[in-house]
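Architecture at a glance
Letter by letter, the chains look like this.
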Amino acid sequence: MISNALKKLNDLFGREINYLRISLTDRCNLNCFYCEPSRCYEKFPKREILSVEEIIYLVSIFYDKFGIKKFRFTGGEPLLRHGLKEIILGVRKNLGDYVELTITTNGIFLKNFAKFLKDTKVRVNVSLDTLKEERFKKITGCYGLSNVISAIDYAKNLGLQLKINTVLLREINDDEIPELINFSRENEVKIRFIEFMPISIDLNLWRKHFISEEEILDTIKKKHELRFLGIEGIERIYLVDGGVEIGFISTVSHPFCKGCSRIRISSEGKIYLCLFDHKGYDIKKFLRPEIKEEELCNIISDVVKFKPEGFIKFKEEGTLPEFGPVMKQVGG
Ligand code: SAM
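The notes below deal with the structure included here. (Residues numbered from 1 in each chain as written. Predicted model: local features only at pLDDT ≥ 70, side-chain atom pairs only at ≥ 80, totals over all residues. Heavy atoms only, no water.)

1. Observations regarding the site of the ligand
Inspection of the region around the ligand gives 16 residues, with Tyr34, Gly76, Thr104, Ser127 and Met197 positioned closest. Contacts to the ligand include Glu77, whose side-chain N or O atom sits 3.0 Å from a nitrogen atom. A distance of 3.4 Å is found between an oxygen atom of the ligand and a backbone nitrogen or oxygen belonging to Thr105. Every element with two or more residues in the shell around the ligand is listed here: β2 (70-75) and β3 (100-105). (Near = heavy atom within 4 Å. Polar contact = N/O pair within 3.5 Å; in protein donor to acceptor, adjacent residues only side chain to side chain. Helix = DSSP H or I, 4+ residues; strand = E, 2+ residues; numbered from the N terminus.)

Listed below in structure tokens is the structure:
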């Protein structure tokens, strides 16, 4: 099927949206201390969660009407979502390989889905912050690191396209960078280091554990040769010892807001225009047969216009974002 995009999705800063992340569930089997800080968040009632059909319909609308080809399924933990396979099969049935599908997972259940994800050409990012089981427990509240490591190995052998995402946390995992780079080299899986963002978290906890790309680079440089290769999308890429490429996503020290091209839809069907903005625009109520596609598309393009500047505004003002919905609710 060839996209007959009618409109481009642009905001008032002139940025074009070409990437949609959809949260399939706000439930997660892990409780990472930085993702769901001490505060208990209220889970969305199950009846409020977008249905399989609604998600497939939304992907089709964003592709057909706005020409969006890049979609990421996230959460919560997307592999916990009932109907995950139906969603992916439904999207592939409607849109074939015209769309790029990716998923972000904590990897605990990846082995069960690896073959399916390979067959349906879904690329996978696995979140992995440590290679030490006790630390894994400290960070996530659960044991399970061995499941993640063996799932990475299994998925890699199947030929699934994988990347690892590591959130860097001072005094938690910042001493493990060499081991993680080594893991990436040995397993031939790209690794991206993500700066800890002040999102719905006790800001003292954030200040305590935030560590910048520069600081990490200084540490790496003490023992390794490091060369900056350039910027790919939102990633800053370096070559370590002439062999391994590592990426940094440094939202805090190098915000990429001016070129941000993404929006999110939460599992209860709200559009979030920026992780640092707390307003969610309900579009679920417009996913009814009596609402014409045209009306839905007008609503989406009107909402997108108001995409805020992003973290860069806080950085320029020297302030920090207030508490809003947690990552599990918005979709990480
Ligand atoms: N459960 C899936 C997973 O673990 O990948 C998907 C959802 S999770 C919220 C997505 C990613 O967001 C994970 O890599 C997690 O480490 C990251 N994340 C959560 N809170 C963050 C924060 N405050 N700053 C940076 N990354 C964060």
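2. Some points on the packing of aromatic side chains
With the rule as written, the count across this model stands at 10 aromatic pairs. Ring geometry for Phe311 against Phe314: centres 6.3 Å apart, planes inclined by 35°, an arrangement best described as tilted. Of this pair, Phe311 and Phe314 both sit in helix α10 (residues 311-317), 3 residues apart, roughly one helical turn. Note on accessibility: Phe311 and Phe314 belong to one class, buried. A cation sits over an aromatic face here: Lys111 above Tyr154, 5.8 Å from the ring centre. It is Lys313 that lies over the ring of Phe314; its NZ or CZ is 5.6 Å from the centre. (Phe/Tyr/Trp six-rings, centres within 6.5 Å; stacked < 30°, edge-to-face > 60°. Buried < 20%, exposed > 50% of the residue type's maximum accessible area, 1.4 Å probe, protein only. Lys NZ or Arg CZ within 6 Å of the ring centre and 35° of its normal.)

3. What about the pattern of salt bridges?
Pairs may arise between side chains of opposite charge once their charged atoms sit close together. Applying the stated criterion across every chain yields a total of 21 salt bridges. A salt bridge links Arg15 to Asp11, with the nearest nitrogen and oxygen atoms 2.6 Å apart. Asp11 carries the same exposure label as Arg15, and that label is buried. Linking Arg236 and Glu213 is a salt bridge whose minimum nitrogen-to-oxygen distance equals 3.0 Å. With Arg236 in strand β8 (residues 235-240) and Glu213 in helix α8 (residues 213-223), this residue pair connects regions lying 23 residues apart in the sequence. Using a relative accessible area of 0% as the deciding quantity, one classes Glu213 as buried. (Salt bridge = Lys/Arg side-chain N within 4 Å of Asp/Glu carboxyl O.)

4. Quick word on empty space enclosed by the protein
Evaluated as defined, the whole model comprises 2 cavities of 30 Å³ or more. Looking at the largest cavity, its volume works out to about 40 Å³. Around the largest cavity, the lining residues are Ile199, Ser200, Tyr272, Cys274, Leu275, Asp277, His278, Pro325 and Val330. When its residues are assigned to classes, the lining of the largest cavity shows 6 nonpolar, 2 polar and 1 charged. Space inside the second largest cavity adds up to approximately 30 Å³. Taken together, Pro198, Ile199, Ser200, Leu275, Phe276, His278, Pro321 and Glu322 make up the full set of residues lining the second largest cavity. By residue class, the composition of the lining of the second largest cavity is 5 nonpolar, 2 polar and 1 charged. (1 Å grid on protein atoms, 1.4 Å probe; cavity = no way out; pocket = protein on both sides within 12 Å on 5 of 7 lines; lining within 4 Å. Points joined across faces, edges and corners; volume = space filled by probe spheres on them. Nonpolar A, V, L, I, M, F, W, Y, C, P; charged D, E, K, R; others polar.)

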